[in-house]
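Fold and contact review
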Amino acid sequence: MGCCNSASSAAQSSKREWKPLEDRCCTDIPWLLLFILFCIGMGFICGFSVATGAAARLVSGYDSYGNICGQKNAKLEAIPNSGMDHTHRKYVFFLDPCNLDLINRKIKSVALCVAACPRQELKTLSDVQKFAEINGSALCSYDLKPSEYTTSSKASVLCPKLPVPASAPIPFFHRCAPVNISCYAKFAEALITFVSDNSVLHRLISGVMTSKEIILGLCLLSLVLSMILMVIIRYISRILVWILTILLILGSLGGTGVLWWLYAKQRKSPKETVIPEQLQVAEDNLRALLIYAISATVFTVILFLIMLVMRKRVALTIALFHVAGKVFIHLPLLVFQPFWTFLALVLFWVYWIMTLLFLGTTGSAVQNDQGFVEFKVSGPLQYMWWYHVVGLIWISEFILACQQMTVAGAVVTYYFTRDKRNLPFTPILASVNRLIRYHLGTVAKGSFIITLVKIPRMILMYIHSQLKGKENACARCVLKSCICCLWCLEKCLNYLNQNAYTATAINSTNFCTSAKDAFVILVENALRVAAINTVGDFMLFLGKVLIVCSTGLAGIMLLNYQQDYTVWVLPLIIVCLFAFLVAHCFLSIYEMVVDVLFLCFAIDTKYNDGSPGREFYMDKVLMEFVENSRKAMKEAGKGGVADARELKPMTT
């Protein structure tokens, strides 16, 4: 089919009824052209950074005098030690690699090109001299010969800080990186400025390293639990709600009880038998257990109160979950959508980070105050990184919006196909085909609107972080209020965008028309949105909580009986965060399907009444669910005339 005029389509939208899956039109073409031009600009930035020599400096590395390692270099005017032949010196070595300057985002150390990285710790200058003689790799400044390492008075300044940590070259980037964990702890100390006691941070880092096998196993457990939960949703959706409810009650009670039991057990354990070196560790773990136990108790009480309030509506979600389960039976590839989206995001982020690194080494050589070389871009090109940051947000949102449009198109195809045997062989691929042929402009426009809201919020958050402790109470309150308002606006626009993509998938209208139509439908069905969408999302949230609680409980039991740990607060937090992210990736697709089904149903009931020629598209179970919802709301005094007016008898 050819592309139709989006403007005329929008003008006629109010004069005709919706025709699902008919009259495909190219929507928001100007926005597609704008997005393509923007991507060309992103490509220009990447090409410019590579063409100006940044690629060689990034991959091969360069020393503090502007020489690129592993090649011959041209002499730089007025800069000593430049223009050296480093053909046989392929690695960058820092005299003090653990000294970071976070403000300027660089290592505060002299960088040299060396022939080999020291694979073993060098404790004295004699060891450094012997390493240079054996391996032909001089680790001191070019002005100092290896024979002078132990005799020269300048050796303490021109040679690396002792002891020289064992290091290994970073693959593909030719930098000597320390392999000692203590150096990484110093990196973390520089990054985490709120830690006042460095010994605490050392114990946290060592706790992660000694428990890395358990952390990996628990992360795999969260992935398995998420997949099992998806299987349960797909095949036994009728009893899923009650299973989740019972398991969550037992899990919250059991987890809270175990935490208090462990706290009481460790509190009663005799401290006289603990050696002094481990006494502080035991006290930290006891304090952490008390915090966990109190937090779990508060969480359990709040959860019980919420379930008490919503107990009459929990049963109403069963039918909706059943219909969504049918969608996954007919469209099994929906489960893998988060993987493709995540893969696309990772590939783009890798490209973006590589280009950012190229930009960081692009420009002309400039001598700083210490007499070393830095590469800086002058003129208008120095603002390219702003364009690059906007590209990160817009293109990331574009990829996420493509996933939403793909899922919406596939579910719309399922819903508005009366005979499910006539579904396309792969509705997901058919949806992707329609997205590429007709609706990329709509996705570009919707993602750009989110970008317009996200950028000011990020700027305000940056200003707030920079002014922390300096601004007065009024300014701090105004900043936080603006950030909160922009966050709320972003969430509302995200929800409206998702429904706009569904409307576009149904009727092939442009973004603004689809957003208006979706907004009208949602307002007309406000009670249904509250009764169906909210309860359904809440049950999916319970599923996420169940996975996090199960993984966290397993982590507590394993880490409690791990003998070579120090402080396991950080490992447990890492595991729980990963479990929540995995559960969110899986269940967010289910949540998206529920939202699309609801909008399809609302449109179905608005334009069809079950009479000949206007038969319903919906599944019978979905209509029964809405009937039960109407009865429940009427009993609670919330149904009113609106629901009675909207519902029509369903003929079979």
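Cut-offs used in this document
- Residues numbered from 1 in each chain as written.
- Predicted model: local features only at pLDDT ≥ 70, side-chain atom pairs only at ≥ 80, totals over all residues.
- Heavy atoms only, no water.
- Helix = DSSP H or I, 4+ residues; strand = E, 2+ residues; numbered from the N terminus.
- Buried < 20%, exposed > 50% of the residue type's maximum accessible area, 1.4 Å probe, protein only.
- Contact = heavy atoms within 4.5 Å.
- Areas by Shrake-Rupley, 256 points an atom, 1.4 Å probe, with all protein chains shown as cover.
- Patch = residues over 30% accessible without salt bridge, like charges linked within 9 Å, V, L, I, M, F, W, Y side chains within 5 Å.
- Salt bridge = Lys/Arg side-chain N within 4 Å of Asp/Glu carboxyl O.
- pLDDT = per-residue confidence, 0-100.
- Phe/Tyr/Trp six-rings, centres within 6.5 Å; stacked < 30°, edge-to-face > 60°.
- Expected span 1.5 Å × (residues − 1).
- Bend = angle between axes of the 7 residues up to and from the residue.
- Polar contact = N/O pair within 3.5 Å; in protein donor to acceptor, adjacent residues only side chain to side chain.

1. Regarding the overall build of the chain
Looking only at helices and strands, the chain features 20 helices and eight strands. Within the chain, buried positions represent 46% of all 652 residues. For the chain, the share of sequence-separated contacts (at least 6 apart) that also reach a separation of at least 24 residues comes to 72%. Split by element, the accessible area of the chain, about 33,000 Å² in all, is 67% carbon and sulfur.

2. Side note on a nonpolar patch on the surface
On the surface, a nonpolar cluster with roughly 620 Å² of combined accessible area is contributed by Leu-333, Phe-336, Phe-339, Trp-340, Leu-343 and Leu-347. Mapped onto the elements of the fold, Leu-343 is located in helix 12 (residues 337-360).

3. Focus on the confidence of the model for the chain
On average, residues of the chain score 77 in pLDDT, and 75% of them are at 70 or above. Low pLDDT, under 50, characterises residues 187-201; the stretch is placed with 14 contacts to residues that sit more than four places away or in other chains. Within the model, the stretch residues 638-652 combines pLDDT values under 50 with 33 contacts to residues more than four positions away or in other chains.

4. Some thoughts on the packing of aromatic side chains
Considering all chains together, one arrives at 17 aromatic pairs under this definition. Geometrically, the ring pair formed by Trp-260 and Tyr-263 is edge-to-face, given 6.1 Å between the ring centres and 85 degrees between the ring planes. Of this pair, Trp-260 and Tyr-263 are both found in helix 8 (residues 237-268), three residues apart, which corresponds to roughly one turn of the helix. For Tyr-263, a relative accessible area of 13% puts it in the buried group. Of the aromatic side chains, those joined through ring pairs into one cluster are Trp-31, Phe-35, Phe-38, Tyr-387, Trp-394, Phe-398 and Phe-448.

5. Remarks on helix 14 (residues 427-466)
The end-to-end C-alpha distance of helix 14, which contains 40 residues, comes to just 49 Å, noticeably less than the 58 Å that a straight helix rising 1.5 Å per residue would cover. Along helix 14, the helix axis deviates most sharply at His-439, where the bend reaches about 85 degrees.

6. Observations concerning the pattern of salt bridges
Under the counting rule described, the total for this entry stands at four salt bridges. One salt bridge in this structure joins Lys-454 and Glu-490, with 2.6 Å as the shortest N-O distance. Remark: Glu-490 occurs in helix 15 (residues 473-507) and Lys-454 occurs in helix 14; sequence separation between them is 36 residues. Relative accessible area serves as the criterion here: at 14%, Lys-454 is assigned to the buried category.

7. Examining the side chain of Asn-499
Within the element layout of this structure, Asn-499 appears in helix 15. For Asn-499, a relative accessible area of 3% corresponds to the buried category. Of the polar contacts made by the side chain of Asn-499, one reaches the backbone oxygen of Tyr-495; its length is 2.8 Å. Discounting chain neighbours no more than four positions away, the residues touching Asn-499 are Ala-518, Leu-522, Asp-595 and Leu-599.

8. What to know about helix 12
The terminal C-alpha atoms of helix 12 lie 34 Å apart, and with 24 residues this matches the ideal 34 Å at 1.5 Å per residue to within 8%. When helix 12 is considered as a whole, its buried residues turn out to be Gln-337, Pro-338, Thr-341, Leu-345, Phe-348, Trp-352, Thr-355, Phe-358 and Leu-359.

9. Thoughts on unusual backbone geometry
Most peptide bonds take the trans form, and the phi angle of most residues other than glycine is negative. Leu-162 connects to Pro-163 through a cis peptide bond whose omega is -10 degrees. Its identity is not glycine, yet His-174 carries a phi of approximately 55 degrees, on the positive side. In this fold, His-174 is placed in the loop between strand 5 (167-169) and strand 6 (176-178). According to the relative accessible area criterion, His-174 is partly exposed, its value standing at 27%. With a phi close to 60 degrees, Ser-508 is a non-glycine residue in the positive phi region. On the secondary structure map, Ser-508 appears in the loop between helix 15 and helix 16 (511-524).

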